[in-house]
Amino acid sequence: MKFAVIVFPGSNCDVDMYHAIKDELGEEVEYVWHDETDLSGFDGILLPGGFSYGDYLRSGAIAGFSNVMKEVVKAAEAGKPVLGVCNGFQILLEVGLLPGAMKRNENLKFMCRPVNLKVANNETAFTSAYKQDEIISVPIAHGEGNYYCDEETLQTLKANNQIVFTYETNPNGSLVDIAGITNERGNVLGMMPHPERAVDELLGSADGLKLFQSIVKNWRESHVTTA
Ligand SMILES: NC(=O)CC[C@H](N)C(=O)O
């Protein structure tokens, strides 16, 4: 499986994402600059964290207008897996691939520390290797991670099981403890915690690895036929 790690001016988790895929997962991966207008050679798209365009206006607001995001939308519409982590999640919200918006953390502080997450839905292409309700440790690092949506959207998210990760203890004021959601189709996931920083026990946790393994397993099941 071949992944693209999209890089914007100000991305700072692109190298961690690349390392997670290449060295820990053992899959193909390439960096793709934000000006790129063709993602047809990739099977999965990864939007890493960081401070694209210095978080000017709102986190992810400017990156949402980049050339490559038009292609990311096309890839999502074609059913390819698209994962946005932290700033990547914020960009997915800005382009409307995921519903809702991100507000500043309730305490108005940037927070960087490990948190416990609950796998609230393990029947997705991103979480099938986890157990339902499994508690995993994955670090957060954000100033704008306070997820918000209107009541109607929240009911839709709940009804379709789109809430995939919740915080065990809410660090940022996020609505109903939401840490990660998918689109209705289930092929686009946005999450604030960083699974690519939790791929080796030496880093404090390897709990993020199963997320990437789930993506690959799901892709192989639908794309690779064995004799
Ligand atoms: N690590 C990140 O992706 C940070 C995201 C964003 N710049 C924020 O502080 O909310």
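These numbers come from a predicted model, not from an experiment.

Definitions and cut-offs
- Each chain has its residues counted from 1, following the order in which its sequence is written.
- Two thresholds apply to this predicted model, a pLDDT of at least 70 for residue-level local features and 80 or more for giving and counting side-chain atom pairs, whereas whole-chain, interface and lining totals are computed over all residues.
- Only hydrogens and water are set aside when side-chain values are computed; all heavy atoms of the structure are taken into account.
- In this description a helix means any DSSP run of H or I spanning at least four residues, a strand means any run of E spanning at least two, and both kinds are numbered starting from the N terminus.
- Convention adopted: a line fitted to C-alpha atoms gives each axis, helices being fitted over their contacting stretch, and angles between N-to-C directions are expressed from 0 to 180 degrees.
- By the definition adopted for this analysis, an angle is roughly parallel if under 35 degrees, roughly antiparallel if over 145, roughly perpendicular if from 65 to 115, and oblique otherwise.
- A contact between two residues is defined here by any heavy atoms of the two lying within 4.5 Å.
- Ten residue types, Ala, Val, Leu, Ile, Met, Phe, Trp, Tyr, Cys and Pro, are classed as nonpolar, four, Asp, Glu, Lys and Arg, as charged, and the remainder, Gly among them, as polar.
- As used in this structure description, the phrase polar contact means that two N or O atoms lie within 3.5 Å; if the pair is within protein, one of them must be able to donate a hydrogen and the other to accept it, and residues adjacent in sequence are counted only when both atoms belong to side chains.
- UniProt positions are given in the numbering used here, feature names are shortened, and annotations may be inferred rather than shown by experiment.
- Only protein atoms enter the 1 Å grid used here. Points where a 1.4 Å probe fits but cannot escape make up a cavity, open sets with protein on both sides within 12 Å along at least five of seven lines make up a pocket, and a residue lines them when an atom lies within 4 Å of a point.

A. View of unusual backbone geometry. Positive phi is not limited to glycine here, since Asp133 has a value of about 70 degrees. Here Asp133 is to be found in the loop between strand 6 (111–119) and strand 7 (135–142). Of note, the phi angle at Asn161 is positive, near 55 degrees, even though the residue is not glycine.

B. Looking closely at the packing of helix 1 (residues 14–25) against helix 5 (residues 209–223). For the pair helix 1 and helix 5, the least separation of the axes is 11 Å and the interaxial angle reads 70 degrees. On the basis of their axis angle, the class for helix 1 and helix 5 is roughly perpendicular. When helix 1 is examined against helix 5, the residues Met17, Ala20, Ile21, Glu24 and Leu25 are found in contact with a partner set consisting of Leu209, Phe212, Gln213 and Val216. Considered class by class, the residues forming the contact of helix 1 with helix 5 number 7 nonpolar, 1 polar and 1 charged.

C. Quick peek at the environment of Asp150. Looking at where Asp150 falls in the secondary structure, it is placed in the loop between strand 8 (146–148) and helix 4 (151–159). Taking the C-alpha atoms as reference, Asp150 lies 7.4 Å from Gly100; in sequence the two are 50 residues apart. Here the side chain of Asp150 touches Thr153 through a polar contact of 2.6 Å, side chain to side chain.

D. Here's a closer look at the UniProt feature "active site" (unreviewed entry) in the protein. The sites that UniProt annotates as "active site" (unreviewed entry) are Cys86, His194 and Glu196. A maximum C-alpha distance of 10.9 Å places the annotated residues, which cover 111 residues in sequence, within one compact spot. Of the annotated set, the members that line the largest pocket are Cys86 and His194. Other than its neighbours up to four places away in sequence, Cys86 contacts Gly49, Ala141, His142, Met191, Met192 and His194. Looking at the secondary structure, you find His194 in the loop between strand 11 (188–191) and helix 5. In contact with His194, other than residues within four places in its own chain, are Cys13, Gly49, Val85, Cys86, Val138, Pro139, Ile140 and Ala141.

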